[in-house]
Amino acid sequence: PEVHLISNEVNVGFSKANNQGVDIAVGEYVLILNPDTVVGENTFLELLNFSKEIKDLGAVGVQLVDGTGAYLPESKRGIPTLRASFNRFLGKDKNKGTYYANDLLQDEVGAIDVLVGAFMFLKTDVYKEVGGFDEDYFMYGEDIDLSYSLLKYGYQNYYLGTSKTIHFKGESTRKDTKYLKHFHGAMEIFYKKHFTSNFFQDTALKIFIKIWYLLKYLRLA
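An account of the accompanying structure is given in this report. (Residues numbered from 1 in each chain as written. Predicted model: local features only at pLDDT ≥ 70, side-chain atom pairs only at ≥ 80, totals over all residues. Heavy atoms only, no water.)

1. Side note on the overall build of the chain
Argument step 1. When its secondary structure is counted, the chain shows seven helices and six strands.
Argument step 2. The long-range fraction of contacts in the chain, counting pairs at least 24 apart against all pairs at least 6 apart in sequence, stands at 78%.
Argument step 3. By element, 54% of the accessible surface of the chain is carried by carbon and sulfur atoms, the whole surface being about 12,500 Å². (Helix = DSSP H or I, 4+ residues; strand = E, 2+ residues; numbered from the N terminus. Contact = heavy atoms within 4.5 Å. Areas by Shrake-Rupley, 256 points an atom, 1.4 Å probe, with all protein chains shown as cover.)

2. Comments concerning the pattern of salt bridges
Note on pairing: side chains with opposite charge can pair once their charged atoms come close.
Argument step 1. Taken as a whole and assessed by the stated rule, the structure comprises one salt bridge.
Argument step 2. Put simply, Asp143 and Arg77 hold a salt bridge, and the shortest N to O gap is 3.2 Å. With Asp143 in helix α5 (residues 142–152) and Arg77 in the loop between β3 (57–65) and α3 (82–89), this residue pair connects regions lying 66 residues apart in the sequence.
Argument step 3. Asp143 gets classed as buried once you look at its relative accessible area, which sits at 8%. (Salt bridge = Lys/Arg side-chain N within 4 Å of Asp/Glu carboxyl O. Buried < 20%, exposed > 50% of the residue type's maximum accessible area, 1.4 Å probe, protein only.)

3. Notes on the environment of Gly67
Argument step 1. Locating Gly67 in the fold gives a position in the loop between β3 and α3.
Argument step 2. The class of Gly67 is exposed, set by a relative accessible area of 51%.
Argument step 3. Taking C-alpha positions, Gly67 is 10.0 Å from Thr165, a pair spaced 98 residues apart along the chain.
Argument step 4. Excluding residues within four positions of it along the chain, Gly67 makes contact with Ile166, His167 and Phe168.

4. Description of the environment of Gly132
Argument step 1. Topologically, Gly132 is positioned in the loop between α4 (124–129) and α5.
Argument step 2. Measuring from C-alpha to C-alpha, the distance between Gly132 and Asp145 comes to 9.6 Å, with 13 residues separating the pair along the chain.

5. What to know about the side chain of Lys76
Argument step 1. Considering the arrangement of structural elements, one finds Lys76 in the loop between β3 and α3.
Argument step 2. In this structure, Lys76 is in contact with Tyr71, Tyr100, Ala101, Asn102, Leu104, Leu105, Gln106, Ile112, Val114 and Tyr159, ignoring residues within four places of it in sequence.

6. Describing the nonpolar core
Argument step 1. Within the largest apolar cluster, 18 residues are counted, with the highest numbers of intra-cluster contacts made by Met120, Tyr127, Leu146 and Leu150.
Argument step 2. Sorting the residues of this core by element identifies β1 (29–33), β5 (119–123), α4 and α5 as the ones contributing at least two each. (Core = buried A, V, L, I, M, F, W, Y, C linked by side-chain atoms within 4.5 Å.)

7. Thoughts on the pairing of β5
Argument step 1. A large share of β5 lies buried, amounting to four of its five residues.
Argument step 2. Relative to β5, β1 runs antiparallel, the two sharing five bridges. Of the residues in β5, the one forming a bridge with Leu33 is Phe119.
Argument step 3. Pairing geometry for β3 and β5, over two bridges, is antiparallel. If you follow Val60 over to β5, its bridge partner there is Phe121. (Pairing = 2+ DSSP bridges.)

8. Examining the packing of aromatic side chains
Argument step 1. Inspection of the entire model under this criterion finds four aromatic pairs.
Argument step 2. Geometrically, the ring pair formed by Tyr127 and Phe133 is edge-to-face, given 5.8 Å between the ring centres and 90° between the ring planes. With respect to class, Tyr127 is no different from Phe133; both count as buried.
Argument step 3. Taken together, Phe14, Tyr127 and Phe133 form an aromatic cluster joined through their ring pairs.
Argument step 4. The ring of Tyr159 has Lys76 lying over it, and the distance from NZ or CZ to the ring centre is 6.0 Å. (Phe/Tyr/Trp six-rings, centres within 6.5 Å; stacked < 30°, edge-to-face > 60°. Lys NZ or Arg CZ within 6 Å of the ring centre and 35° of its normal.)

9. Remarks on helix α2 (residues 43–51)
For an α-helix, 3.6 residues make a turn, and residues three or four places apart therefore share a direction.
Argument step 1. Every buried residue of α2 is accounted for by Thr43, Leu47, Phe50 and Ser51. Mapping the buried residues of α2 onto a view down its axis gives an arc of 95°, with all of them on the same face.
Argument step 2. Against β1, β2 (37–39), β3, β4 (109–112), β5 and β6 (156–167) lie the buried residues of α2. (Arc of directions from axis to C-beta.)

Right, here's the structure in full:
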């Protein structure tokens, strides 16, 4: 009787579906969690104890590992600026400030910029204050957008590397051309919303995104 089932007749997308759930949530905290995950036995207690000590709490993420126990680097990320994204594209994402938050070790605890939507723990009123997930994103990119919005509102996101959750990465989505179109569209929405500045930079971003899309498409075709 404490469970409320929302049954959508059509697929409204990741962002809107999660917003629907948070709208009727009554707890102080809310957890955005992928269905293809296995949460650690003490994870929630660790999250609650940690969160109570943070005044400017945005979202908190944990160390995600795949089904084999291998660490997933998207557990903690930096803001995907053009430079950071280009470094990742070239395989040079090793330094501080790049696409992945490499300045923080995988078992450490600390402040970071961007979390992954497979696991985002935050206060319900903070989620609602920043507007939740932007529903312009059907799938992918909404987690980066929410993380960045939290920072812009003056909150700080954190990575709790001492707690692990298994994420069977890829089991909840198919890596096909349809997935690629969603991801490509999300990149365009994010950069247009947060990084539009001048003609030359905007053009460079568009060209980079198109090249990235084409190379990925050729691999899937």
